[in-house]
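# Coordinate analysis (summary)
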Amino acid sequence: MNTHAPNAYSAGPDAEGRFGLFGGRFVSETLMPLILDLEAEYEKAKTDPSFWAEMDDLWKHYVGRPSPLYFAERLTEKFGGAKIYLKRDELNHTGAHKINNVLGQILLARRMGKKRIIAETGAGQHGVATATVCARFGLECIVFMGATDVERQKPNVFRMNLLGAKVVPVTSGRGTLKDAMNEALRDWVTNVDETFYCIGTVAGPHPYPAMVRDFQSIIGKETKAQMLEREGRLPDSLVACIGGGSNAMGLFHPFLDDESVRIIGVEAGGHGVDDRMEHAASLTGGRPGVLHGNRTYLLQDEDGQIIEGHSISAGLDYPGIGPEHAWLNDIGRVEYVSATDKEALAAFQMCCVTEGIIPALEPSHALAHVSKIAGDLPSDHLLVMNMCGRGDKDIFTVADALGEDL
Amino acid sequence: MSRIDDTFARLTAEGRTAFVSFIMAGDPDQAKCQEVLEGLPGAGVDIIELGMPFTDPMADGPAIQLAGQRALEAGMTLSRVLDMVRAFRVKDATTPIVLMGYYNPVYAMGVEAFLTAASDAGVDGLIIVDLPPEEDAELCLPAQEVGIDFIRLSTPTTDDKRLPAVVKNTSGFVYYVSITGITGAATANAAQVAPDVARIKAAANLPVCVGFGIKTPEGAAEMAKVADGVVVGSAIVERIANGDSTADVLAFVKSLTDAAHGV
């Protein structure tokens, strides 16, 4: 990869929605015209200053952006190596990075005249963000959520109800995030005219992976400016957790062509990445396949049947990953590693008592990896970790894992 | 000529509409499914669609989702689907078999390995729900090179601008999805479908079969008046789900084929 053009890493996808082998538009014919419409509409909006002016205004006054880039002094001391910065996207309205993307898609839906918004959700963060923005704009909102996740994420289900959304528990398949996505796609083919499908991560058919990435890239753009202001130079490494990969892609993308920046994605290792397949690490433990509109790395058996992921974090146990991550993995620009449930739980507890920040279980995986590498890095090494969500939603799961009864 | 072309030529000569049945391979288990499969031509079925089960059937309603789950739980795999076709071909050399499903199991086997095995087994066509014309290089063109028809789905959202692209590399017949939605959901209306069938026939110069939303002998008879073929899936699959005997399943199929054939 020594001969690439200056923007070779950030220029994708191509006209067919491919990042190398990955991505594409693997959807039924019923949806194809809708996806082409969406692509055309997004291409128009992307270069329309009034679209971005509206986004900026809402990001600032409704979401609370820019989110701080916080120097985590006590974590830095504890690890005794790299200087640790946390990008505080958990301080956003609704408590996670998800709303960055939802705002963009809902503004697009409004431009397209769509009045009915559907979304899938795993942990419930994307569902809450979608319900929130739909309430803000007076749009009908239907959230598909696996029945298993409805059970383990009750507070978020209630939040969505308070926000006026209808939560549909999905019992087909195993009742988790991938089944919720299947059900959302089934709803979309049934209600094609009035419905906008607001996908929560950098996956799905083109243009979703690129569009969601563009909306989430605000994280990396801010980080770059904040770090330049604070330290006068680029960070040395970036670390973010990955389920579908939207918070990571948002942080990474503006830095892809800055080759001095080491970039690390942390997948959910569940009970350990081995042939028991009790994990959600699609890159480190899966292989390429086609699901939910794109080709990417998937957890699957020999016969191409999809295997359920497992993670303590409901937001990470998706058997796939965004296609751009799959490509960045194969070309070696980004390193992908994993952290287990146990390691994430330990990092969660450490973060609470060391920084006074209750992190979501998702970024706890990123922090677990930071704890493994930071001590070996020099003290002038600038490391940014994306604190992409807050942990209020996870206290019941954590209590359960620690054997406490709330 | 292929078995599919032969079948439509014969039916046209007889002035009859094709009846196309769908069952899920391996549902409820391989042995019982093989019995039903082998009984379909005798029950008047002209073309057989055999489902390749997949864990994530995004375009299917509950009946076919559950059929796929039953099949997978009973141990069905893509290579066993091909075994079923091979066994069928020993007894029936003329009835076309079209495999229907999703791309990932095929991709996991490898496109070349799959096409070689499918061709050897006696598969005549493929319907792959998640491969629109934009992805023709994946499987459509390679399949046609080995003489396997690639049957495209056309839908109510396929407008005049898009139709030429949809029918361009289609062979065998065009499958018109008569409703926007999933299999077995809404009920199709023959009068509404008729102009779409005419539009597709004009663009494709191929027979047009109509499916999704046809559930009863009456519905099949109505649709047979406006299409070259009528597809019924969920309604048959539901009989299998109910535990009906092979004889009862085939008797129900016979009631549908009689209606479609105007008997």
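Residues numbered from 1 in each chain as written. Chains lettered and ligands numbered in written order. Predicted model: local features only at pLDDT ≥ 70, side-chain atom pairs only at ≥ 80, totals over all residues. Heavy atoms only, no water.

## Describing the overall build of chain B
Secondary structure summary: chain B contains 12 helices and 9 strands in total. For 263 residues, the compact-globule estimate of 2.2 N^0.38 gives 18 Å, and chain B sits close to it at 17 Å. Considering only C-alpha atoms, chain B reaches an extent of 40 × 40 × 35 Å along its principal axes. When each of the 263 residues of chain B is scored for burial, the buried share is 60%. Contacts in chain B between residues at least 24 apart in sequence constitute 73% of all its contacts with a sequence separation of at least 6. Summed over its atoms, the accessible surface of chain B is roughly 9,200 Å², and 53% of this surface lies on carbon and sulfur atoms. Chain B carries 19 positive and 34 negative side-chain charges, and their two centres are separated by 3 Å. (Helix = DSSP H or I, 4+ residues; strand = E, 2+ residues; numbered from the N terminus. Rg over C-alpha atoms; globule rule 2.2 N^0.38 Å. Buried < 20%, exposed > 50% of the residue type's maximum accessible area, 1.4 Å probe, protein only. Contact = heavy atoms within 4.5 Å. Areas by Shrake-Rupley, 256 points an atom, 1.4 Å probe, with all protein chains shown as cover. Lys, Arg positive; Asp, Glu negative; His and termini not counted. Charge placed at Lys NZ, Arg CZ, Asp CG, Glu CD.)

## Quick word on unusual backbone geometry
Between A:Gly12 and A:Pro13 the backbone carries a cis peptide bond, its omega angle lying at 0°. Tracing the backbone through its elements, the reader meets A:Pro13 in the segment before strand 1 (18-19). The omega torsion of the bond from B:Asp27 to B:Pro28 falls at 0°, within 30 degrees of zero and hence cis. Within the fold, B:Pro28 resides in the loop between strand 1 (18-24) and helix 2 (30-39). Residues other than glycine seldom take positive phi values, yet A:Thr94 does so here, at roughly 80°. As for its position among the elements, A:Thr94 is in the loop between strand 4 (83-87) and helix 4 (98-111).

## What about helix 3 (residues 62-73) of chain B?
Over its 12 residues, helix 3 of chain B extends 16 Å from the first C-alpha to the last, a length consistent with the 16 Å expected when each residue adds 1.5 Å. Those residues of helix 3 of chain B lying buried are B:Ala63, B:Ile64, B:Gln65, B:Ala67, B:Gly68 and B:Ala71. Contacts made by the buried residues of helix 3 of chain B are with helix 8 (177-190) of chain A together with strand 1 and helix 11 (234-241) of chain B. With its phi angle positive at about 100°, B:Gly75 sits one or two positions after the end of helix 3 of chain B. (Expected span 1.5 Å × (residues − 1).)

## Section: the nonpolar core
Core analysis: the largest hydrophobic core is formed by 188 residues, its most contacted members being B:Leu99, B:Phe114, B:Leu126, B:Leu139 and B:Tyr175. Three or more residues apiece are contributed to this core by two domains, here domain 1 (19-60 + 98-207) and domain 2 (66-95 + 216-402) of chain A. With near-sequence residues (within four places) excluded, B:Leu139 lies in contact with B:Tyr103, B:Val106, B:Val111, B:Leu115, B:Leu126, B:Ile128, B:Leu131 and B:Phe150. Formed by 29 residues, the second largest nonpolar core is a distinct cluster that contains A:Ala82, A:Leu316, A:Ala366 and A:Met387. (Core = buried A, V, L, I, M, F, W, Y, C linked by side-chain atoms within 4.5 Å. Domains from an automatic or database assignment.)

## Side note on the confidence of the model for chain B
In the predicted model, chain B carries a mean pLDDT of 95, and the fraction of residues at 70 or more is 100%. Two summary scores accompany this predicted model of the complex, namely pTM at 0.96 and ipTM at 0.95. (pLDDT = per-residue confidence, 0-100.)

## A word on the environment of B:Gly39
Structurally, B:Gly39 can be placed in helix 2. Sequence spacing of B:Gly39 and B:Leu250 is 211 residues, and the spatial spacing of their C-alpha atoms is 6.8 Å.

## Concerning the sheet that holds strand 12 (residues 293-298) of chain A
All names here are of chain A. Here we have 4 strands laid out as an open sheet, ordered 1-2-12-11, and antiparallel in their pairing. Edge positions in the open sheet fall to strand 1 and strand 11 (287-291), since each of these has one partner strand only. Across 2 bridges, strand 1 lies against strand 2 (residues 22-26) in antiparallel orientation. In the strand pairing of strand 2, Phe-19 is matched with Phe-22. (Pairing = 2+ DSSP bridges.)

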